[in-house]
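One letter stands for each residue in the lines below.
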Amino acid sequence: MIATIIPDLRNHYPVLLSEIISIITPQYGGTFIDCTFGQGGYTKKILNFPETKVIALDRDSESSKKAQELQKSFEDRLLFKNIKFSQLNNLKLKDENIKAVIFDLGYSLNQIKDPKKGLSFDSIGELNMKMGINDFSAKEAINQLDEKELTKIFKYFGDEADSKRIAHNIVEDRSKREITTEELVRIIESSKRKRNYKTHSATKIFQALRIFVNKEISELIYGLINAAKVVKKDGVIAVVTFHSLEDKIVKYFFKSLSENKSVSRHMPKIEEKLNLFRSVIKKPIVPSDKEIRENPPSRSAKLRYVIKKEDFFDFETDILDKFKHLIDIENLSKKLWNNWF
Ligand SMILES: C[S@@+](CC[C@H](N)C(=O)[O-])C[C@H]1O[C@@H](n2cnc3c(N)ncnc32)[C@H](O)[C@@H]1O
């Protein structure tokens, strides 16, 4: 995600596209779920193969325009829903033969370029960072959370070494003036003890705020759980992540259910021998040097995938407990909307 905030990009470039296609094999047809439709890069490539169908989701309503365009060429083979992927279970897909569920996390170029969204530190004006279907914006978070709460968000979601100083300076500053995007960047730059010449000083704080505003931790966890439910036996779940927090969650989910740790109530007695997933790769797939040259933001992308071994809809996972400390931080936002009543 860090690397997606680069202003000099030209056109939309779907990350690790050929690797995704070789894993999900649309040449044999089937129904696929693209959880992060974006500009439709993956979806279009899949639909170019005959006998395929795509159920595409995106929380950003802007994506629906692109989906409508694609629907003209592919008619009833593309169904688009403007929902968050954590809501995948609401689509009643239990009896569909889903061949693969794919996630390409992060932000599309269009979202980064949209000044109203304020996702880039080059944006001007009111803080926002909402991707779509949000309860609050970065403006409310920055203005209403206390110093300790902001410190936690910056530290755990951004891994920012100067979290405390930055949070302190935000709280001091906000009593004097409105904190706009430019003002936030200025506070961060003046609070940093060391300058990193490779990345913008505001990178980590912006990442932390985007994760918080869009509840990306619980979105990903519930998205993965629901993907594992709906995908059929021999089907694939493939996820492209852009930062270590996302990758840690995906890696844990896949690994914990590939190592005799899953117990389904539909599993027979010999459950120790059964795992939900077959993990084919130990290390994540990363973009080639050529792709990184052509699309520099792809350099932080990591692709992991698993194959579902059994046709279980229900299974148990401890992923919510494992990442409870992060979900608790996301839940600090409850304070923001409680203030509305
Ligand atoms: C990197 S882009 C995907 C690009 C896409 N693979 C393509 O080739 O055009 C990520 C997209 O995922 C969407 N998104 C992120 N989190 C989401 C969520 N929790 N639910 C649904 N869509 C989400 C964003 O709005 C964005 O459009």
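Just so it is clear, the model here is predicted, and its values are computed rather than measured.

A short note on the site of the ligand
Then, number 1: Not every one of the 23 residues close to the ligand is listed here, only the nearest: P14, T36, G38, G41 and D104.
Then, number 2: For the shell around the ligand, the per-class residue count stands at 6 nonpolar, 11 polar and 6 charged.
Then, number 3: Counting contributing residues per domain, the shell around the ligand is built from domain 1 (17-110 + 216-310) and domain 2 (111-213 + 326-338), each supplying no fewer than three.

Observations concerning the domain arrangement of the chain
Then, number 1: In terms of domains, the chain is made up of domain 1 (17-110 + 216-310) and domain 2 (111-213 + 326-338).
Then, number 2: Each of domain 1 and domain 2 was reduced to a C-alpha centroid, and the two centroids are 29 Å apart.
Then, number 3: The interface of domain 1 with domain 2 comprises 13 residues on the first partner and 14 residues on the second.
Then, number 4: Where the side of domain 1 that touches domain 2 is concerned, the elements lending two or more residues are α4 (109-113) and α10 (216-230).
Then, number 5: Sort the elements by how many residues they give to the side of domain 1 that touches domain 2 and α10 lands first, with 3 residues.
Then, number 6: Looking at the side of domain 1 that touches domain 2 residue by residue, the class counts come to 4 nonpolar, 5 polar and 4 charged.

Regarding the nonpolar core
Then, number 1: In this structure, V101, I102, L209, I237 and A238 are the most contacted members of the largest nonpolar core, which totals 86 residues.
Then, number 2: Residue-level mapping places this core at the junction of two domains, with at least three residues from each of domain 1 (17-110 + 216-310) and domain 2 (111-213 + 326-338).
Then, number 3: Each residue touching L209, except ones within four places of it in the same chain, is listed here: M129, A138 and A141.

Some thoughts on the packing of helix α6 (residues 147-158) against helix α9 (residues 203-213)
Then, number 1: Orientation of α6 relative to α9, taken along the N-to-C sense of each, is 100°, at an axis distance of 8 Å. In terms of axis orientation, α6 runs roughly perpendicular to α9. Residues I153, F154, F157 and G158 of α6 pack against K204, I205, Q207, A208, I211 and F212 of α9.
Then, number 2: Class assignment of the residues belonging to the contact of α6 with α9 gives a composition of 7 nonpolar, 2 polar and 1 charged.

Observations concerning the confidence of the model for the chain
Then, number 1: Overall, the predicted model of the chain reaches an average pLDDT of 91, with 91% of residues at or above 70.
Then, number 2: Note that residues 1-9 has pLDDT below 50 and, in this model, 30 contacts with residues that lie over four places away or in other chains.

Here's the deal with the environment of S218
Then, number 1: Within the secondary structure, S218 is located in helix α10.
Then, number 2: Sequence-wise, S218 and D328 are 110 residues apart; in three dimensions their C-alpha atoms are separated by 10.0 Å.
Then, number 3: The residues contacting S218, other than those within four sequence positions of it, are S86, I327 and E330.

Let's talk about the sheet that holds strand β1 (residues 30-34)
Then, number 1: Strand order in the open sheet formed by 7 strands is β3-β2-β1-β4-β5-β7-β6, and the pairing between neighbours is mixed. Strand pairing shows two members of the sheet lacking a second neighbour, β3 (78-81) and β6 (277-279), which therefore form its edges. Pairwise comparison of adjacent strand axes, ignoring direction, gives a mean angle of 20° for this sheet.
Then, number 2: Sheet analysis places β1 next to strand β2 (residues 52-57), joined by 5 bridges and oriented parallel. Opposite D34, over in β2, you have A56 as the bridge partner.
Then, number 3: Contacts from helix α11 (residues 244-256) reach β5 (231-241), β6 and β7 (302-308), with the element oriented near 20° to β7.

A few points about unusual backbone geometry
Then, number 1: One non-glycine residue, I133, adopts positive backbone phi at about 55°.
Then, number 2: Take I133: it is sitting in the loop between α4 and α5 (138-144).
Then, number 3: On the basis of neighbour count, I133 is assigned to the partly exposed category, with 14 C-beta atoms found within 10 Å.
Then, number 4: The backbone of D159 sits at a positive phi, close to 55°, despite the residue not being glycine.
Then, number 5: In this structure, D159 sits in the loop between α6 and α7 (163-174).

Overview of α6
Then, number 1: Helix length check: α6, at 12 residues, gives a terminal C-alpha distance of 16 Å against a target of 16 Å (1.5 Å per residue), a fit within 8%.
Then, number 2: For α6, the set of buried residues is L150, T151, K152, I153, F154, Y156, F157 and G158.
Then, number 3: Two residues or fewer after α6 comes D159, characterised by a positive phi angle close to 55°.

Rules used throughout
Residues numbered from 1 in each chain as written. Predicted model: local features only at pLDDT ≥ 70, side-chain atom pairs only at ≥ 80, totals over all residues. Near = placed C-beta within 6 Å. Nonpolar A, V, L, I, M, F, W, Y, C, P; charged D, E, K, R; others polar. Domains from an automatic or database assignment. Contact = placed C-beta atoms within 7 Å. Helix = DSSP H or I, 4+ residues; strand = E, 2+ residues; numbered from the N terminus. Core = buried A, V, L, I, M, F, W, Y, C linked by C-beta atoms within 7 Å. Buried ≥ 20, exposed ≤ 12 C-beta atoms within 10 Å, placed from the backbone. Axes fitted to C-alpha atoms, helices over the stretch in contact; angles between N-to-C directions. Parallel < 35°, antiparallel > 145°, perpendicular 65-115°, else oblique. pLDDT = per-residue confidence, 0-100. Pairing = 2+ DSSP bridges. Expected span 1.5 Å × (residues − 1).

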